[in-house]
Amino acid sequence: MLMIFLFILQWVFGLALVLFLGYIAYIMISFKNPVPYVPTPRRIVKIIVGMAEIKEGEKVCDLGSGSGKILIALAKKNKRNLIIGVEKFFLPRLVSQIRLFFRPSFKKRVQVVKADFFNIDLHSFDVIYCFLTPEAMRILEPKFKCLKPGSRLISYMFPLEDQAGFEETIEHISMKDSVYLYKKI
Ligand SMILES: C[S@@+](CC[C@H](N)C(=O)[O-])C[C@H]1O[C@@H](n2cnc3c(N)ncnc32)[C@H](O)[C@@H]1O
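Residues numbered from 1 in each chain as written. Predicted model: local features only at pLDDT ≥ 70, side-chain atom pairs only at ≥ 80, totals over all residues. Heavy atoms only, no water.

Relative to strand 7 (residues 178-184), strand 6 (residues 166-172) is paired through seven bridges, and the arrangement is antiparallel. Bridge assignment links Glu-171 to a residue of strand 7, and that residue is Val-179. Remark: five residues form the turn of the hairpin made by strand 6 and strand 7, two consecutive strands paired antiparallel. (Pairing = 2+ DSSP bridges. Helix = DSSP H or I, 4+ residues; strand = E, 2+ residues; numbered from the N terminus.)

Membership of the largest hydrophobic core comes to 50 residues, with the highest contact counts inside it found for Leu-63, Val-86, Leu-122, Ile-128, Leu-132, Phe-144 and Ile-154. In this structure, Ile-128 is in contact with Cys-61, Leu-63, Leu-122, Phe-144, Leu-147, Arg-152, Leu-153 and Ile-154, ignoring residues within four places of it in sequence. One finds Tyr-23, Tyr-37, Leu-91 and Val-95 within the second-largest nonpolar core, a separate group that totals five residues. (Core = buried A, V, L, I, M, F, W, Y, C linked by side-chain atoms within 4.5 Å. Buried < 20%, exposed > 50% of the residue type's maximum accessible area, 1.4 Å probe, protein only. Contact = heavy atoms within 4.5 Å.)

Under the domain assignment, the chain is made up of domain 1 (1-32) and domain 2 (42-184). Here domain 1 and domain 2 have C-alpha centroids that lie 29 Å from each other. With four residues of domain 1 at the interface, the matching set in domain 2 holds eight residues. Here domain 1 and domain 2 share an interface that buries about 470 Å² over both sides, 84% of which is from carbon and sulfur atoms. The largest share of the area that domain 1 buries against domain 2 comes from Leu-19, Tyr-23 and Tyr-26, three residues that together contribute 95% of it. Our count for the contact surface shared by domain 1 and domain 2 stands at zero salt bridges. (Domains from an automatic or database assignment. Buried area = accessible area lost by both parts, 1.4 Å probe. Salt bridge = Lys/Arg side-chain N within 4 Å of Asp/Glu carboxyl O.)

Together, Phe-13, Leu-17, Phe-20, Leu-21, Ile-24 and Met-28 line one region of the surface with nonpolar side chains, adding up to about 650 Å² of accessible area. Inspection of the secondary structure puts Phe-20 in helix 1 (residues 2-30). Take Phe-20: its relative accessible area is 52%, and that puts it in the exposed class. (Patch = residues over 30% accessible without salt bridge, like charges linked within 9 Å, V, L, I, M, F, W, Y side chains within 5 Å. Areas by Shrake-Rupley, 256 points an atom, 1.4 Å probe, with all protein chains shown as cover.)

What follows is the structure in structure tokens.
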């Protein structure tokens, strides 16, 4: 019995180690991508969840959802919403799926889709969160301009260059970081 337990433990530990090392490697390699993997800091996550003011039934999206941190924080507070993470890369998607596996109550309302956020239709979303780069924001700007009136875009760190058609609210957190909320008029 003890041998079986040790055998299983060895496999679980080995798998966890492989995942952990893979994740570290992914973080390092991701810095070669135009939009690298950098998770939103915990204290900012709380601010975003509050700022989003998500209403029942609204459809929410995290563009480049990484390890699913924002998805989980949003799903904890908003229990009657569909929350979608768009993530192009395998490893962060896998980490999100593992995190969601341990939260079965989120199963129907949180999804992580494999897609390139530059190529998806954003029309159906009421709230969009992004923590990207100035360049990615610039490329996505025409898509943001086509959002439904009343929908909100929340961007950590990087503002929209052209805010025409939006009502802007800025939450300055420190000298370095701010959260930008854009409500489509
Ligand atoms: C700065 S991280 C933000 C992660 C997460 N949203 C958070 O706030 O913790 C940006 C994420 O976008 C993903 N990403 C980069 N380019 C992408 C693309 N073209 N389509 C979809 N996801 C992309 C990266 O893999 C990374 O996970």
